[in-house]
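# Observations on the model geometry
These are the residues of each chain, in order.
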Amino acid sequence: MSDRSVDVVIVGGGVIGASVAYHLATRGVRSVLVLERDVLGAGSTSKNAGGIRYQFSSEINVHLSQRSIPRFERFADEFGIDIQFHQVGYLILITEGRLVPAFERSLGLWRRLGVPARRVDRSEIRSIFPELATDDVLFATFCPKDGHADPTSILHGFVSRAREHGAHFREHAAVTGIDVDGGRVRGVRVGDERIPCDVVVDAAGPWARAVGEMAGVDLPITPLRRQIFLTDEIPALDHPFPLTVEMASTLYFHRESGGLLLGMVDPNDAPGYLESVNWDFLPTIVERALARLPVLERAGVRTGWAGFYEDTPDKHPIFGAVDGLDGFVVAAGFSGHGLMHAPAAGELIAELITDERTSMDIAPLRLARFAEGAPVRELNVI
Ligand SMILES: Cc1cc2nc3c(=O)[nH]c(=O)nc-3n(C[C@H](O)[C@H](O)[C@H](O)COP(=O)(O)OP(=O)(O)OC[C@H]3O[C@@H](n4cnc5c(N)ncnc54)[C@H](O)[C@@H]3O)c2cc1C
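Just so it is clear, the model here is predicted, and its values are computed rather than measured. (Residues numbered from 1 in each chain as written. Predicted model: local features only at pLDDT ≥ 70, side-chain atom pairs only at ≥ 80, totals over all residues. Heavy atoms only, no water.)

### Thoughts on the packing of helix H1 (residues 15-26) against helix H6 (residues 151-164)
Across the interface, H1 lies against H6 with an axial gap of 8 Å and an inter-helix angle of 30 degrees. The crossing of H1 and H6 is left-handed. For the pair formed by H1 and H6, the contact residues are Val-15, Ala-18, Ser-19, Ala-21, Tyr-22, His-23 and Ala-25 on the first element and Ile-154, Leu-155, Phe-158, Val-159, Arg-161 and Ala-162 on the second. Residue classes in the contact of H1 with H6 are distributed as ten nonpolar, two polar and one charged. (Axes fitted to C-alpha atoms, helices over the stretch in contact; angles between N-to-C directions. Helix = DSSP H or I, 4+ residues; strand = E, 2+ residues; numbered from the N terminus. Left-handed = near helix turned anticlockwise from the far one by under 90°. Contact = heavy atoms within 4.5 Å. Nonpolar A, V, L, I, M, F, W, Y, C, P; charged D, E, K, R; others polar.)

Shown next, in the form of C-alpha coordinates:
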(Lines give C-alpha, C1' and ligand atoms only; values in the text may rest on other atoms or scores of the structure.)
Protein backbone atom coordinates (compact mmCIF):
# COMPACT_ATOMS: atom_id res chain seq x y z
CA MET A 1 0.00 0.00 0.00
CA SER A 2 3.01 2.25 0.48
CA ASP A 3 2.87 5.47 -1.51
CA ARG A 4 -0.24 4.27 -3.32
CA SER A 5 -2.63 7.14 -3.29
CA VAL A 6 -6.10 6.61 -1.84
CA ASP A 7 -9.01 9.00 -2.02
CA VAL A 8 -10.14 8.80 1.59
CA VAL A 9 -8.33 7.49 4.66
CA ILE A 10 -10.51 6.90 7.71
CA VAL A 11 -8.66 6.82 11.02
CA GLY A 12 -10.42 4.42 13.37
CA GLY A 13 -12.12 1.08 12.74
CA GLY A 14 -15.06 1.44 15.13
CA VAL A 15 -18.70 1.67 14.17
CA ILE A 16 -18.36 5.25 12.95
CA GLY A 17 -15.32 4.61 10.73
CA ALA A 18 -17.00 1.50 9.34
CA SER A 19 -20.26 3.34 8.62
CA VAL A 20 -18.43 6.18 6.88
CA ALA A 21 -16.49 3.61 4.81
CA TYR A 22 -19.68 1.79 3.84
CA HIS A 23 -21.48 4.95 2.79
CA LEU A 24 -18.49 6.27 0.84
CA ALA A 25 -18.00 2.94 -0.95
CA THR A 26 -21.67 2.68 -1.88
CA ARG A 27 -21.54 6.25 -3.22
CA GLY A 28 -18.84 5.15 -5.61
CA VAL A 29 -15.72 6.57 -3.96
CA ARG A 30 -12.94 4.74 -5.75
CA SER A 31 -10.59 4.11 -2.91
CA VAL A 32 -11.48 4.03 0.77
CA LEU A 33 -9.02 2.81 3.39
CA VAL A 34 -9.80 2.38 7.10
CA LEU A 35 -6.78 2.27 9.37
CA GLU A 36 -7.29 0.71 12.80
CA ARG A 37 -4.43 0.57 15.26
CA ASP A 38 -5.84 -2.47 17.09
CA VAL A 39 -8.56 -4.78 15.77
CA LEU A 40 -11.85 -3.55 14.34
CA GLY A 41 -14.25 -2.54 17.10
CA ALA A 42 -11.56 -2.62 19.82
CA GLY A 43 -12.51 0.85 21.09
CA SER A 44 -15.88 1.92 22.50
CA THR A 45 -17.77 -0.02 19.86
CA SER A 46 -17.17 -3.35 21.61
CA LYS A 47 -17.78 -1.89 25.08
CA ASN A 48 -21.16 -0.29 24.72
CA ALA A 49 -24.62 -1.16 25.96
CA GLY A 50 -26.29 -1.30 22.54
CA GLY A 51 -28.99 1.22 23.45
CA ILE A 52 -30.90 2.85 20.58
CA ARG A 53 -33.42 5.61 21.22
CA TYR A 54 -35.34 8.61 19.98
CA GLN A 55 -35.68 10.18 23.40
CA PHE A 56 -33.18 13.05 23.22
CA SER A 57 -33.74 16.61 24.39
CA SER A 58 -32.12 18.31 21.39
CA GLU A 59 -33.82 18.50 18.03
CA ILE A 60 -30.71 17.58 16.09
CA ASN A 61 -30.14 14.42 18.15
CA VAL A 62 -33.77 13.41 17.52
CA HIS A 63 -33.19 13.99 13.79
CA LEU A 64 -30.06 11.80 13.89
CA SER A 65 -32.16 9.08 15.55
CA GLN A 66 -34.93 9.53 12.96
CA ARG A 67 -32.40 8.88 10.20
CA SER A 68 -30.79 5.96 12.02
CA ILE A 69 -33.49 3.89 13.72
CA PRO A 70 -35.40 2.99 10.52
CA ARG A 71 -32.07 1.74 9.14
CA PHE A 72 -31.66 -0.52 12.19
CA GLU A 73 -35.22 -1.79 11.67
CA ARG A 74 -34.28 -2.79 8.09
CA PHE A 75 -30.68 -3.75 8.85
CA ALA A 76 -31.10 -7.40 7.85
CA ASP A 77 -32.42 -6.35 4.41
CA GLU A 78 -29.60 -3.88 3.77
CA PHE A 79 -26.70 -5.76 5.39
CA GLY A 80 -27.81 -9.40 5.64
CA ILE A 81 -27.15 -9.54 9.39
CA ASP A 82 -29.56 -9.97 12.30
CA ILE A 83 -28.50 -7.32 14.81
CA GLN A 84 -30.89 -8.57 17.52
CA PHE A 85 -32.70 -5.24 17.59
CA HIS A 86 -35.19 -5.64 20.44
CA GLN A 87 -37.65 -2.75 20.16
CA VAL A 88 -38.77 -3.10 23.75
CA GLY A 89 -38.77 0.64 24.33
CA TYR A 90 -36.84 2.96 26.63
CA LEU A 91 -38.63 3.70 29.89
CA ILE A 92 -37.16 6.85 31.47
CA LEU A 93 -38.14 7.21 35.13
CA ILE A 94 -38.44 10.72 36.56
CA THR A 95 -38.09 10.68 40.33
CA GLU A 96 -37.05 14.26 41.10
CA GLY A 97 -38.98 17.48 40.58
CA ARG A 98 -35.91 19.24 39.20
CA LEU A 99 -36.10 17.01 36.10
CA VAL A 100 -39.78 17.61 35.36
CA PRO A 101 -39.61 20.86 33.33
CA ALA A 102 -36.96 19.50 30.95
CA PHE A 103 -38.95 16.33 30.29
CA GLU A 104 -42.16 18.33 29.79
CA ARG A 105 -40.25 20.29 27.14
CA SER A 106 -38.92 17.08 25.59
CA LEU A 107 -42.43 15.60 25.40
CA GLY A 108 -43.48 18.71 23.45
CA LEU A 109 -40.46 18.37 21.15
CA TRP A 110 -41.19 14.68 20.50
CA ARG A 111 -44.86 15.45 19.71
CA ARG A 112 -43.79 18.16 17.27
CA LEU A 113 -41.26 15.89 15.55
CA GLY A 114 -43.57 12.87 15.36
CA VAL A 115 -41.63 10.71 17.83
CA PRO A 116 -44.00 8.13 19.33
CA ALA A 117 -42.85 8.78 22.92
CA ARG A 118 -45.41 9.50 25.63
CA ARG A 119 -45.76 10.29 29.29
CA VAL A 120 -46.79 7.29 31.39
CA ASP A 121 -48.06 7.28 34.96
CA ARG A 122 -47.25 4.80 37.71
CA SER A 123 -50.05 2.39 36.94
CA GLU A 124 -49.05 2.18 33.28
CA ILE A 125 -45.39 1.73 34.27
CA ARG A 126 -46.46 -1.25 36.37
CA SER A 127 -48.30 -2.78 33.43
CA ILE A 128 -45.25 -2.27 31.15
CA PHE A 129 -42.73 -3.59 33.70
CA PRO A 130 -44.48 -5.16 36.74
CA GLU A 131 -41.28 -5.96 38.68
CA LEU A 132 -40.18 -2.31 38.96
CA ALA A 133 -40.46 -0.44 42.26
CA THR A 134 -42.32 2.77 41.43
CA ASP A 135 -43.25 4.42 44.76
CA ASP A 136 -40.88 7.35 44.19
CA VAL A 137 -41.61 7.77 40.46
CA LEU A 138 -43.36 11.01 39.49
CA PHE A 139 -43.92 9.84 35.91
CA ALA A 140 -41.96 8.20 33.12
CA THR A 141 -41.53 8.69 29.41
CA PHE A 142 -41.81 5.68 27.15
CA CYS A 143 -41.06 5.24 23.47
CA PRO A 144 -41.89 1.75 22.17
CA LYS A 145 -39.69 2.22 19.09
CA ASP A 146 -36.54 2.53 21.22
CA GLY A 147 -34.62 -0.56 22.29
CA HIS A 148 -31.25 -2.25 22.16
CA ALA A 149 -29.21 -4.24 19.65
CA ASP A 150 -25.92 -6.07 19.37
CA PRO A 151 -23.08 -3.59 18.68
CA THR A 152 -20.70 -6.17 17.21
CA SER A 153 -23.25 -7.31 14.63
CA ILE A 154 -23.88 -3.69 13.61
CA LEU A 155 -20.13 -3.16 13.15
CA HIS A 156 -19.79 -6.33 11.11
CA GLY A 157 -22.72 -5.36 8.91
CA PHE A 158 -21.02 -2.10 7.93
CA VAL A 159 -17.60 -3.72 7.52
CA SER A 160 -18.69 -6.66 5.40
CA ARG A 161 -20.85 -4.59 3.04
CA ALA A 162 -18.17 -1.88 2.80
CA ARG A 163 -15.65 -4.54 1.79
CA GLU A 164 -18.03 -5.90 -0.84
CA HIS A 165 -18.17 -2.39 -2.31
CA GLY A 166 -14.38 -2.15 -2.44
CA ALA A 167 -13.39 -0.46 0.84
CA HIS A 168 -10.24 -1.74 2.55
CA PHE A 169 -9.71 -2.23 6.29
CA ARG A 170 -6.26 -2.59 7.82
CA GLU A 171 -5.86 -3.68 11.44
CA HIS A 172 -2.78 -3.08 13.60
CA ALA A 173 -2.09 0.07 11.58
CA ALA A 174 -1.79 3.03 13.93
CA VAL A 175 -1.78 6.43 12.24
CA THR A 176 1.20 8.28 13.68
CA GLY A 177 1.14 11.46 11.61
CA ILE A 178 -0.90 13.49 9.14
CA ASP A 179 0.89 15.40 6.40
CA VAL A 180 -0.42 18.90 5.88
CA ASP A 181 0.88 21.32 3.28
CA GLY A 182 -0.49 24.50 1.74
CA GLY A 183 -3.63 24.45 3.90
CA ARG A 184 -4.66 20.96 2.92
CA VAL A 185 -4.19 17.37 3.96
CA ARG A 186 -1.73 15.43 1.77
CA GLY A 187 -1.59 12.03 3.42
CA VAL A 188 -1.16 10.02 6.59
CA ARG A 189 1.74 8.15 8.12
CA VAL A 190 1.70 4.70 9.65
CA GLY A 191 5.16 4.55 11.16
CA ASP A 192 7.58 4.87 8.25
CA GLU A 193 4.90 4.30 5.67
CA ARG A 194 3.36 7.30 3.91
CA ILE A 195 -0.11 6.99 2.41
CA PRO A 196 -1.05 9.96 0.19
CA CYS A 197 -4.74 10.81 0.18
CA ASP A 198 -7.15 13.65 -0.52
CA VAL A 199 -9.29 13.34 2.57
CA VAL A 200 -8.67 12.15 6.14
CA VAL A 201 -11.68 11.34 8.32
CA ASP A 202 -11.01 11.45 12.04
CA ALA A 203 -13.21 8.64 13.40
CA ALA A 204 -10.94 7.77 16.31
CA GLY A 205 -13.65 7.94 18.98
CA PRO A 206 -12.23 8.74 22.42
CA TRP A 207 -8.80 9.18 20.81
CA ALA A 208 -10.01 11.66 18.18
CA ARG A 209 -8.34 14.60 19.89
CA ALA A 210 -4.88 13.03 19.49
CA VAL A 211 -5.58 12.37 15.80
CA GLY A 212 -6.76 15.96 15.36
CA GLU A 213 -3.54 17.20 16.93
CA MET A 214 -1.57 15.39 14.20
CA ALA A 215 -3.19 17.80 11.74
CA GLY A 216 -2.92 20.81 14.05
CA VAL A 217 -6.65 20.73 14.89
CA ASP A 218 -7.81 21.07 18.49
CA LEU A 219 -10.92 18.94 19.12
CA PRO A 220 -12.56 19.29 22.54
CA ILE A 221 -13.16 15.56 22.95
CA THR A 222 -12.42 13.99 26.33
CA PRO A 223 -12.38 10.30 27.31
CA LEU A 224 -14.71 9.48 30.21
CA ARG A 225 -14.71 6.01 31.72
CA ARG A 226 -18.09 4.28 31.78
CA GLN A 227 -18.64 0.83 33.29
CA ILE A 228 -21.03 -2.00 32.62
CA PHE A 229 -21.87 -5.02 34.78
CA LEU A 230 -23.62 -8.20 33.72
CA THR A 231 -25.64 -10.39 36.08
CA ASP A 232 -26.30 -14.11 36.03
CA GLU A 233 -29.57 -15.32 34.60
CA ILE A 234 -32.65 -14.12 36.47
CA PRO A 235 -35.39 -16.74 36.07
CA ALA A 236 -37.98 -14.41 37.63
CA LEU A 237 -37.44 -11.93 34.75
CA ASP A 238 -38.40 -14.20 31.89
CA HIS A 239 -40.28 -11.69 29.74
CA PRO A 240 -39.23 -8.80 27.50
CA PHE A 241 -38.98 -5.44 29.30
CA PRO A 242 -37.83 -1.95 28.29
CA LEU A 243 -34.35 -0.55 28.63
CA THR A 244 -35.03 1.33 31.85
CA VAL A 245 -33.29 4.51 32.93
CA GLU A 246 -33.49 6.12 36.35
CA MET A 247 -32.63 9.61 35.17
CA ALA A 248 -31.70 11.12 38.55
CA SER A 249 -29.02 8.52 39.33
CA THR A 250 -28.15 7.56 35.70
CA LEU A 251 -28.76 3.89 36.52
CA TYR A 252 -29.88 1.98 33.44
CA PHE A 253 -30.42 -1.66 32.64
CA HIS A 254 -31.71 -3.99 29.95
CA ARG A 255 -32.15 -7.66 29.38
CA GLU A 256 -28.99 -9.46 28.29
CA SER A 257 -28.37 -13.21 27.96
CA GLY A 258 -31.22 -14.02 30.35
CA GLY A 259 -29.84 -11.64 32.97
CA LEU A 260 -29.35 -7.90 33.21
CA LEU A 261 -26.81 -5.49 31.74
CA LEU A 262 -26.39 -2.59 34.18
CA GLY A 263 -24.64 0.74 33.96
CA MET A 264 -24.40 3.91 36.04
CA VAL A 265 -22.08 6.91 36.13
CA ASP A 266 -19.39 6.61 38.79
CA PRO A 267 -19.21 10.20 40.09
CA ASN A 268 -15.58 9.69 41.10
CA ASP A 269 -14.43 9.02 37.54
CA ALA A 270 -12.03 11.68 36.30
CA PRO A 271 -11.47 12.15 32.55
CA GLY A 272 -8.67 9.90 31.29
CA TYR A 273 -7.82 6.56 29.74
CA LEU A 274 -8.02 4.32 32.85
CA GLU A 275 -9.83 1.29 31.43
CA SER A 276 -9.87 -1.06 34.43
CA VAL A 277 -13.13 -1.75 36.25
CA ASN A 278 -13.58 -0.05 39.61
CA TRP A 279 -15.01 -2.99 41.56
CA ASP A 280 -15.35 -0.75 44.60
CA PHE A 281 -18.19 0.96 42.72
CA LEU A 282 -20.14 -2.28 42.32
CA PRO A 283 -21.91 -2.13 45.74
CA THR A 284 -23.20 1.37 44.91
CA ILE A 285 -24.73 0.34 41.61
CA VAL A 286 -26.08 -2.94 43.05
CA GLU A 287 -27.75 -1.04 45.88
CA ARG A 288 -29.47 1.35 43.45
CA ALA A 289 -30.48 -1.47 41.13
CA LEU A 290 -31.92 -3.56 43.98
CA ALA A 291 -34.01 -0.64 45.17
CA ARG A 292 -35.46 -0.24 41.68
CA LEU A 293 -35.73 -3.92 40.78
CA PRO A 294 -36.04 -6.07 43.93
CA VAL A 295 -36.05 -9.38 41.96
CA LEU A 296 -32.35 -8.79 41.49
CA GLU A 297 -31.79 -9.93 45.05
CA ARG A 298 -30.93 -13.47 44.06
CA ALA A 299 -28.74 -12.56 41.05
CA GLY A 300 -24.95 -12.56 41.17
CA VAL A 301 -22.78 -10.28 39.04
CA ARG A 302 -21.02 -12.39 36.42
CA THR A 303 -18.62 -9.87 34.90
CA GLY A 304 -17.96 -6.21 34.23
CA TRP A 305 -16.00 -4.06 31.83
CA ALA A 306 -15.14 -0.43 31.17
CA GLY A 307 -14.89 1.72 28.07
CA PHE A 308 -14.86 5.40 27.21
CA TYR A 309 -17.46 7.95 26.27
CA GLU A 310 -16.00 10.45 23.82
CA ASP A 311 -17.32 13.49 25.59
CA THR A 312 -17.74 16.96 24.08
CA PRO A 313 -18.66 20.06 26.11
CA ASP A 314 -22.25 20.04 24.76
CA LYS A 315 -22.70 16.25 24.47
CA HIS A 316 -23.09 16.37 20.69
CA PRO A 317 -20.75 15.03 18.03
CA ILE A 318 -18.45 17.17 15.95
CA PHE A 319 -19.25 16.72 12.28
CA GLY A 320 -17.65 17.92 9.13
CA ALA A 321 -14.83 19.88 7.62
CA VAL A 322 -12.55 22.18 9.57
CA ASP A 323 -12.13 25.84 8.61
CA GLY A 324 -8.70 26.54 7.13
CA LEU A 325 -7.70 22.92 6.53
CA ASP A 326 -9.02 21.29 3.38
CA GLY A 327 -9.45 17.55 3.41
CA PHE A 328 -9.73 17.04 7.18
CA VAL A 329 -13.17 15.81 8.22
CA VAL A 330 -14.30 15.05 11.76
CA ALA A 331 -16.82 12.35 12.70
CA ALA A 332 -16.26 12.02 16.41
CA GLY A 333 -17.32 13.12 19.89
CA PHE A 334 -20.64 11.26 20.04
CA SER A 335 -20.68 11.58 23.82
CA GLY A 336 -22.03 8.09 24.40
CA HIS A 337 -24.49 7.89 21.48
CA GLY A 338 -22.29 6.86 18.60
CA LEU A 339 -23.64 3.40 18.05
CA MET A 340 -27.23 4.53 17.64
CA HIS A 341 -26.28 7.45 15.38
CA ALA A 342 -23.80 5.53 13.24
CA PRO A 343 -26.09 5.08 10.21
CA ALA A 344 -26.87 8.81 10.01
CA ALA A 345 -23.29 9.82 10.75
CA GLY A 346 -21.86 7.64 8.00
CA GLU A 347 -24.43 8.78 5.46
CA LEU A 348 -23.99 12.50 6.21
CA ILE A 349 -20.20 12.42 6.28
CA ALA A 350 -20.16 10.50 2.99
CA GLU A 351 -22.50 13.07 1.41
CA LEU A 352 -20.29 15.88 2.63
CA ILE A 353 -17.17 14.31 1.12
CA THR A 354 -18.72 13.38 -2.22
CA ASP A 355 -21.18 16.26 -2.77
CA GLU A 356 -19.89 18.99 -0.44
CA ARG A 357 -23.41 19.28 0.97
CA THR A 358 -25.62 17.14 3.16
CA SER A 359 -29.28 16.12 3.10
CA MET A 360 -29.63 17.26 6.71
CA ASP A 361 -28.29 20.50 8.15
CA ILE A 362 -25.22 19.55 10.16
CA ALA A 363 -23.93 23.11 10.53
CA PRO A 364 -24.98 23.21 14.22
CA LEU A 365 -22.45 20.40 14.82
CA ARG A 366 -19.49 22.25 13.28
CA LEU A 367 -16.30 22.41 15.34
CA ALA A 368 -16.42 26.23 15.33
CA ARG A 369 -19.57 26.22 17.51
CA PHE A 370 -17.44 26.01 20.64
CA ALA A 371 -15.27 29.01 19.74
CA GLU A 372 -18.37 30.93 18.64
CA GLY A 373 -20.15 30.24 21.92
CA ALA A 374 -22.96 28.43 20.08
CA PRO A 375 -23.14 24.97 21.68
CA VAL A 376 -26.16 22.70 21.23
CA ARG A 377 -27.26 21.34 24.60
CA GLU A 378 -28.30 17.74 25.24
CA LEU A 379 -29.72 16.93 28.67
CA ASN A 380 -30.61 13.26 28.28
CA VAL A 381 -27.13 11.84 28.58
CA ILE A 382 -26.85 8.62 30.51
C1 LIG B 1 -19.94 1.70 28.64
C2 LIG B 1 -20.42 2.34 27.39
C3 LIG B 1 -21.78 2.25 27.06
C4 LIG B 1 -22.24 2.83 25.88
N5 LIG B 1 -23.54 2.68 25.54
C6 LIG B 1 -23.99 3.15 24.37
C7 LIG B 1 -25.32 2.92 23.95
O8 LIG B 1 -26.10 2.29 24.68
N9 LIG B 1 -25.72 3.40 22.74
C10 LIG B 1 -24.87 4.12 21.93
O11 LIG B 1 -25.29 4.56 20.86
N12 LIG B 1 -23.60 4.36 22.31
C13 LIG B 1 -23.14 3.90 23.49
N14 LIG B 1 -21.86 4.12 23.87
C15 LIG B 1 -21.03 4.98 23.04
C16 LIG B 1 -20.54 4.26 21.81
O17 LIG B 1 -19.87 3.08 22.19
C18 LIG B 1 -19.60 5.20 21.05
O19 LIG B 1 -20.23 6.44 20.84
C20 LIG B 1 -19.25 4.60 19.69
O21 LIG B 1 -18.75 3.29 19.82
C22 LIG B 1 -18.23 5.48 19.01
O23 LIG B 1 -17.73 4.78 17.91
P24 LIG B 1 -16.41 5.27 17.22
O25 LIG B 1 -16.23 4.43 16.02
O26 LIG B 1 -16.45 6.75 17.06
O27 LIG B 1 -15.29 5.01 18.32
P28 LIG B 1 -14.50 3.67 18.70
O29 LIG B 1 -15.36 2.47 18.65
O30 LIG B 1 -13.78 3.94 19.97
O31 LIG B 1 -13.48 3.55 17.50
C32 LIG B 1 -12.36 4.38 17.38
C33 LIG B 1 -11.22 3.51 16.92
O34 LIG B 1 -10.11 4.35 16.59
C35 LIG B 1 -8.95 3.60 16.84
N36 LIG B 1 -7.81 4.52 16.88
C37 LIG B 1 -7.54 5.45 17.81
N38 LIG B 1 -6.43 6.12 17.49
C39 LIG B 1 -5.97 5.60 16.31
C40 LIG B 1 -4.87 5.86 15.47
N41 LIG B 1 -3.97 6.80 15.76
N42 LIG B 1 -4.73 5.14 14.33
C43 LIG B 1 -5.63 4.17 14.00
N44 LIG B 1 -6.68 3.86 14.80
C45 LIG B 1 -6.87 4.58 15.92
C46 LIG B 1 -9.24 2.90 18.16
O47 LIG B 1 -8.43 1.77 18.37
C48 LIG B 1 -10.73 2.55 18.00
O49 LIG B 1 -10.93 1.22 17.55
C50 LIG B 1 -21.35 3.56 25.04
C51 LIG B 1 -20.00 3.66 25.38
C52 LIG B 1 -19.54 3.04 26.53
C53 LIG B 1 -18.09 3.15 26.88
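### So, the site of the ligand
Taken together, 38 residues surround the ligand, and among them Glu-36, Thr-45, Gly-51, Glu-310 and Met-340 come closest. Taking Ser-44, its main chain carries an N or O atom lying 2.9 Å from an oxygen atom of the ligand. In this structure, Met-340 approaches the ligand through a main-chain N or O atom, which is 2.8 Å from an oxygen atom. Relative to its free-state accessible area of 990 Å², the ligand is covered by the protein chains to the extent of 97%. It is strand E16 (residues 301-311) that provides the largest number of residues to the shell around the ligand, a total of four residues. Here the shell around the ligand spans two domains, and each of domain 1 (6-48 + 152-221 + 314-371) and domain 2 (90-144 + 223-311) adds at least three residues to it. (Near = heavy atom within 4 Å. Polar contact = N/O pair within 3.5 Å; in protein donor to acceptor, adjacent residues only side chain to side chain. Areas by Shrake-Rupley, 256 points an atom, 1.4 Å probe, with all protein chains shown as cover. Domains from an automatic or database assignment.)

### A word on the sheet that holds strand E13 (residues 243-246)
Strand order in the open sheet made by the eight strands is E5-E6-E4-E13-E14-E15-E12-E16, with mixed pairing throughout. Unpaired on one side and paired on the other, strand E5 (118-120) and E16 mark the two borders of the sheet. The sheet shows a mean angle of 25 degrees between the axes of neighbouring strands, direction not considered. Relative to strand E15 (residues 259-263), strand E12 (residues 222-231) runs antiparallel, the two sharing three bridges. Within E15, the position partnered with Leu-230 by the bridge is Leu-261. Across the face of the sheet, helix H4 (residues 100-113) comes into contact with strand E4 (90-94), E5 and strand E6 (139-143) while running at roughly 30 degrees to E6. Running over the sheet, helix H8 (residues 282-292) touches E4, E12, E13, strand E14 (251-256), E15 and E16 and is turned about 75 degrees from E14. (Pairing = 2+ DSSP bridges.)

### Here we look at the pairing of strand E2 (residues 32-35)
The alternating pattern of E2 places Val-32 and Val-34 on one face and Leu-33 and Leu-35 on the opposite face, and all of these are buried. In this region the chain leaves strand E1 (residues 6-11), passes through H1 and returns to the parallel neighbour E2; the handedness of that crossover is right-handed. Examined bridge by bridge, E2 and strand E8 (residues 168-170) share three bridges and lie parallel to one another. Pairing of Leu-35 across the sheet is with Arg-170, part of E8. (Buried < 20%, exposed > 50% of the residue type's maximum accessible area, 1.4 Å probe, protein only. Right-handed = clockwise from strand over helix to strand, strands pointing away.)

### Describing empty space enclosed by the protein
Counted according to the given criterion, the structure contains one cavity of 30 Å³ or more. For the largest cavity, the calculated volume is near 40 Å³. Considering the residues around the largest cavity, the lining is formed by Arg-226, Gln-227, Thr-250, Tyr-252, Gly-263, Met-264, Val-265, Tyr-309 and Ile-382. Classifying every residue of the lining of the largest cavity gives five nonpolar, three polar and one charged. (1 Å grid on protein atoms, 1.4 Å probe; cavity = no way out; pocket = protein on both sides within 12 Å on 5 of 7 lines; lining within 4 Å. Points joined across faces, edges and corners; volume = space filled by probe spheres on them.)

### What to know about the pattern of salt bridges
For the structure shown, the criterion picks out 22 salt bridges. With a shortest N-O distance of 2.6 Å, Asp-355 and Arg-27 are connected by a salt bridge. With Asp-355 in helix H9 (residues 342-355) and Arg-27 in the loop between H1 and E2, this residue pair connects regions lying 328 residues apart in the sequence. Residue classification places Asp-355 among the partly exposed residues on the basis of a relative accessible area of 37%. Classification of Arg-27 as partly exposed rests on a relative accessible area of 36%. For Asp-179, the salt bridge is made with Arg-189, and the minimal N-O distance between the two is 2.9 Å. Residue Asp-179 is located in strand E9 (residues 177-181), and its partner Arg-189 is located in strand E10 (residues 184-190); the two are separated by ten residues in the primary sequence. The exposure class assigned to Asp-179 is buried, which follows from its relative accessible area of 15%. Judged by its relative accessible area of 32%, Arg-189 is partly exposed. Connected via shared salt-bridge partners are Asp-136, Glu-246, Arg-288 and Arg-292. (Salt bridge = Lys/Arg side-chain N within 4 Å of Asp/Glu carboxyl O.)

### Some thoughts on the environment of Gly-300
Tracing the backbone shows Gly-300 in the loop between H8 and E16. Residue classification places Gly-300 among the partly exposed residues on the basis of a relative accessible area of 26%. Spatially, the C-alpha atom of Gly-300 lies 52 Å from that of Leu-325, the residues being 25 residues apart in sequence. Sequence-distant contacts of Gly-300, that is, excluding residues within four places in its chain, are made with Leu-230, Thr-231 and Asp-232.

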